[in-house]
Amino acid sequence: MFDTATTEKFHSLKTPFYYYDLELLKRTLDEVKTHGIDKGYHVHYAIKANYNFEILELIKQAGLGIDCVSGPEIFRSLEAGFKGSEIAFAGVGKTDEEIQVGLDSDIFSFNCESLQELEVLNELAEKANKTASVSIRLNPNVEAKTHKYITTGLNENKFGITIDKLPQLFEMVPDLASIKLTGIHFHIGSQITELQPFIDLCEKVELVQHKFEQAGFSLQHVNVGGGYGINYETPDKEPIPDFKSFFEVFDKHLNLRDGQQLHFELGRSIVGQCGSLISRVLYIKEGINTNFAVLDAGMTELIRPALYQAAHRVDPLTSRKPEKTYDVVGPICESSDSFRKGIQLPELKRGDLVAIRSAGAYGEVMSSGFNLRERVKAYYSDRL
Ligand SMILES: *Cc1c(COP(=O)(O)O)cnc(C)c1O
């Protein structure tokens with residue numbers, strides 16, 4: 001997991017902190033490049049997963065574009081050196097101000113999520129004397145088989161335009177002179193570890209493409225979003241997601257038209273495994289059925305367990321015997337502030353360090369100041 005020198009260094013740092021293994025990130029990006037980019041696919045990194053500049057730099061060097069869901073994310077991407085022409089911009093609630101940012105930056109695509117948004121975008125583009133490139137985000141009603149809070153492609157979810165609205169859309173578009181309809185966009189959810197939902201998505205894409213063609217529209221690109229999952233249970237067994245199988249699904253099951261580009265928006269699968277949250281055991285407390293290991297990190301540094309019932313692997317950086325049963329909890333005044341319940345770990349003592357693994361995506365970016373806690377530092381493997 002970590003070499004001795006790294007672990008020793010950890011002991012001298014103030015905890016908790018995030019630690020990013022940039023070598024692993026590079027190797028992950030190499031796989032995305034080999035199986036995706038080199039095959040001619042366009043991969044946008046979903047910047048909301050982690051927007052640290054050190055990480056963005058490697059992602060940029062690997063040739064990925066960016067997927068944004070807010071105006072500030074567009075600014076951040078530009079600041080990190082990405083071009084407007086590499087940015088896709090999704091979100092159900094883009095403000096006029098945010099749309100303006102996208103127009104000013106001549107972004108690759110506004111992924112529009114409602115008919116009303118299309119009208120507003122057209123108006124703002126006309127005022128700015130620009131033509132906005134638009135992808136229609138469609139809700140394909142595909143079951144992603146993931147936690148309900150991170151399912152996005154079902155009729156009950158707020159995202160995208162449902163397929164039954166297409167006739168209305170086809171009628172509207174010719175009158176919207178300041179937008180150019182260039183593609184269709186989908187994103188069915190997150191932490192999807194089975195390939196079947198993506199195969200189902202390919203079928204829906206074909207159906208939708210057909211409807212656009214029948215209405216006389218040709219599409220320059222298809223964007224199938226992201227959502228590919230990672231192995232939280234045993235990250236060392238699968239430090240890099242199987243990108244070969246992932247991209248092959250689309251190669252096999254998606255029928256692209258001549259000259260059509262295929263775009264992806266991957267977040268978690270790129271940065272999830274390279275990050276850990278390093279924390280110190282503050283107290284050990286005997287409970288009735290378990291022992292509580294109280295850490296100095298909590299839901300303020302990693303909210304995924306509290307929010308999505310996510311189980312991150314907890315690896316002690318000491319190895320004592322025998323093993324004992326622990327609830328690993330944070331210090332926050334909130335019962336959901338618990339990382340794991342009833343797990344077997346080598347005996348823990350006050351002052352021991354533990355690594356909460358797979359925290360690179362939706363960890364640091366979702367941190368909060370609840371209980372007036374300070375934001376914690378990030379360290380990187382190449383400059384520890
Ligand atoms: C969050 C998001 C993604 C990335 O999702 P991951 O599960 O991290 O791959 C891609 N596209 C859109 C529109 C998103 O909102």
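Model, not experiment: these values are computed from the prediction.

**Examining the site of the ligand**
So, step 1. Residues in contact with the ligand amount to 16 residues; listed here are only the nearest, Lys48, Ser190, Glu265, Arg268 and Tyr362.
So, step 2. Contact distances for the ligand include 3.2 Å between a nitrogen atom and a side-chain N or O atom of Asp67.
So, step 3. Glu265 has a polar side-chain atom sitting 2.7 Å from a nitrogen atom of the ligand.
So, step 4. For the ligand, whose unbound accessible area comes to 390 Å², protein coverage reaches 94%.

**A word on the pattern of salt bridges**
So, step 1. Within this structure, the stated rule accounts for 18 salt bridges.
So, step 2. For Lys33, the salt bridge goes to Asp38, with nearest N and O atoms at 3.2 Å.
So, step 3. In this structure, Asp106 and Lys130 form a salt bridge, with 3.0 Å as the shortest nitrogen-oxygen distance. Of this pair, Asp106 sits in the loop between α5 (96-104) and β5 (109-112) while Lys130 sits in the loop between α6 (115-127) and β6 (132-139), placing them 24 residues apart in sequence.
So, step 4. Judged by its relative accessible area of 48%, Asp106 is partly exposed.
So, step 5. A single network of salt bridges, built from pairs that share partners, joins Asp236, Arg313, Asp315 and Arg357.

**Thoughts on α6**
So, step 1. An ideal rise of 1.5 Å per residue puts 18 Å on 13 residues; α6 measures up with 19 Å between its terminal C-alpha atoms.
So, step 2. Turning to α6, its buried residues number three or more, namely Leu115, Glu117, Leu118, Leu121, Asn122, Leu124 and Ala125.
So, step 3. Elements that come into contact with the buried residues of α6 comprise α5, β5, β6, β7 (161-162), α7 (166-172) and β8 (179-185).
So, step 4. Directly after α6, the chain includes Asn129, whose backbone phi takes a positive value near 60 degrees.

**Focus on the side chain of Arg357**
So, step 1. Summarising the element assignment, Arg357 is placed in the loop between β16 (353-356) and β17 (378-380).
So, step 2. Aside from chain neighbours lying at most four places away, what touches Arg357 is Met1, Pro235, Asp236, Gly275, Ser276, His312, Arg313 and Asp315.

**What to know about the packing of aromatic side chains**
So, step 1. A complete count under the given rule lists 23 aromatic pairs for this structure.
So, step 2. Judged by centre distance (6.3 Å) and plane angle (70 degrees), the ring pair of Phe212 and Phe217 falls under edge-to-face.
So, step 3. Residue classification places Phe212 among the buried positions, given a relative accessible area of 0%.
So, step 4. Pairing Phe246 with Phe247 gives two aromatic rings, centres 5.3 Å apart and planes at 70 degrees, and the pair type is edge-to-face. No difference in accessibility class separates Phe246 from Phe247, as the two residues are buried.
So, step 5. The side chain of Arg76 reaches across the aromatic face of Phe53, ending 4.0 Å from its centre.
So, step 6. Lying over the aromatic face of Phe292, Lys285 brings its terminal NZ or CZ to 5.9 Å of the ring centre.

**Some words on a negative patch on the surface**
So, step 1. A cluster of acidic residues, Asp96, Glu97, Glu119, Glu123 and Glu126, forms a negative patch at the surface.
So, step 2. Only α5 and α6 provide two or more residues apiece to the negative patch.
So, step 3. Among the elements that take part in the negative patch, α6 stands out by supplying three residues, more than any other.
So, step 4. Topologically, Glu119 is positioned in helix α6.
So, step 5. Glu119 sits in the partly exposed class, given a relative accessible area of 39%.

**Concerning the packing of helix α4 (residues 71-79) against α5**
So, step 1. Relative to each other, α4 and α5 sit at 25 degrees, their axes nearing to 8 Å. In terms of axis orientation, α4 runs roughly parallel to α5. The handedness of the crossing between α4 and α5 is left-handed. Seen from α4, the contacting residues are Gly71, Pro72, Ile74 and Phe75; seen from α5, they are Glu98, Val101 and Gly102.

**Points about the side chain of Thr28**
So, step 1. In this structure, Thr28 sits in helix α2 (residues 22-35).
So, step 2. Setting aside residues up to four positions removed in sequence, Thr28 forms contacts with Ile240, Pro241, Phe243, Ser269 and Ile270.

**Let's talk about the domain arrangement of the protein chain**
So, step 1. Domain annotation of the protein chain identifies domain 1 (23-272) and domain 2 (273-380).
So, step 2. Its C-alpha centre places domain 1 at a distance of 33 Å from the equivalent point of domain 2.
So, step 3. Taken together, the contact pairs 25 residues of domain 1 with 21 residues of domain 2.
So, step 4. Counting the contacts that link domain 1 with domain 2 gives one salt bridge.
So, step 5. The salt bridge involving Arg357 is made with Asp236; its shortest N-O contact spans 2.9 Å.
So, step 6. Linking domain 1 to domain 2 there are 15 residue pairs in polar contact (both at pLDDT 80 or more).
So, step 7. Where the side of domain 1 that touches domain 2 is concerned, the elements lending two or more residues are α2, α3 (53-61) and α10 (268-271).
So, step 8. Partitioned by chemical class, the residues of the side of domain 1 that touches domain 2 number twelve nonpolar, seven polar and six charged.

**What to know about the environment of Phe250**
So, step 1. Turning to its location among the elements, Phe250 is positioned in helix α9 (residues 243-253).
So, step 2. Distance in space between the C-alpha atoms of Phe250 and Asp67 is 19 Å, their sequence separation being 183 residues.
So, step 3. Dropping the residues within four chain positions of it, Phe250 is found in contact with Tyr41, Phe198, Cys202, Val224, Leu262 and Phe264.

**Things to note about the pairing of strand β10 (residues 261-266)**
So, step 1. Of all six residues making up β10, five are buried, and the element is well covered by its neighbours.
So, step 2. Relative to β10, strand β2 (residues 42-46) is paired through four bridges, and the arrangement is parallel. Directly across from Tyr45, in β10, lies its bridge partner Leu266.
So, step 3. Relative to β10, strand β9 (residues 221-223) runs parallel, the two being bridged by three bridges.

Calculation notes
- Residues numbered from 1 in each chain as written.
- Predicted model: local features only at pLDDT ≥ 70, side-chain atom pairs only at ≥ 80, totals over all residues.
- Heavy atoms only, no water.
- Near = heavy atom within 4 Å.
- Polar contact = N/O pair within 3.5 Å; in protein donor to acceptor, adjacent residues only side chain to side chain.
- Areas by Shrake-Rupley, 256 points an atom, 1.4 Å probe, with all protein chains shown as cover.
- Salt bridge = Lys/Arg side-chain N within 4 Å of Asp/Glu carboxyl O.
- Helix = DSSP H or I, 4+ residues; strand = E, 2+ residues; numbered from the N terminus.
- Buried < 20%, exposed > 50% of the residue type's maximum accessible area, 1.4 Å probe, protein only.
- Expected span 1.5 Å × (residues − 1).
- Contact = heavy atoms within 4.5 Å.
- Phe/Tyr/Trp six-rings, centres within 6.5 Å; stacked < 30°, edge-to-face > 60°.
- Lys NZ or Arg CZ within 6 Å of the ring centre and 35° of its normal.
- Patch = residues over 30% accessible without salt bridge, like charges linked within 9 Å, V, L, I, M, F, W, Y side chains within 5 Å.
- Lys, Arg positive; Asp, Glu negative; His and termini not counted.
- Charge placed at Lys NZ, Arg CZ, Asp CG, Glu CD.
- Axes fitted to C-alpha atoms, helices over the stretch in contact; angles between N-to-C directions.
- Parallel < 35°, antiparallel > 145°, perpendicular 65-115°, else oblique.
- Left-handed = near helix turned anticlockwise from the far one by under 90°.
- Domains from an automatic or database assignment.
- Nonpolar A, V, L, I, M, F, W, Y, C, P; charged D, E, K, R; others polar.
- Pairing = 2+ DSSP bridges.

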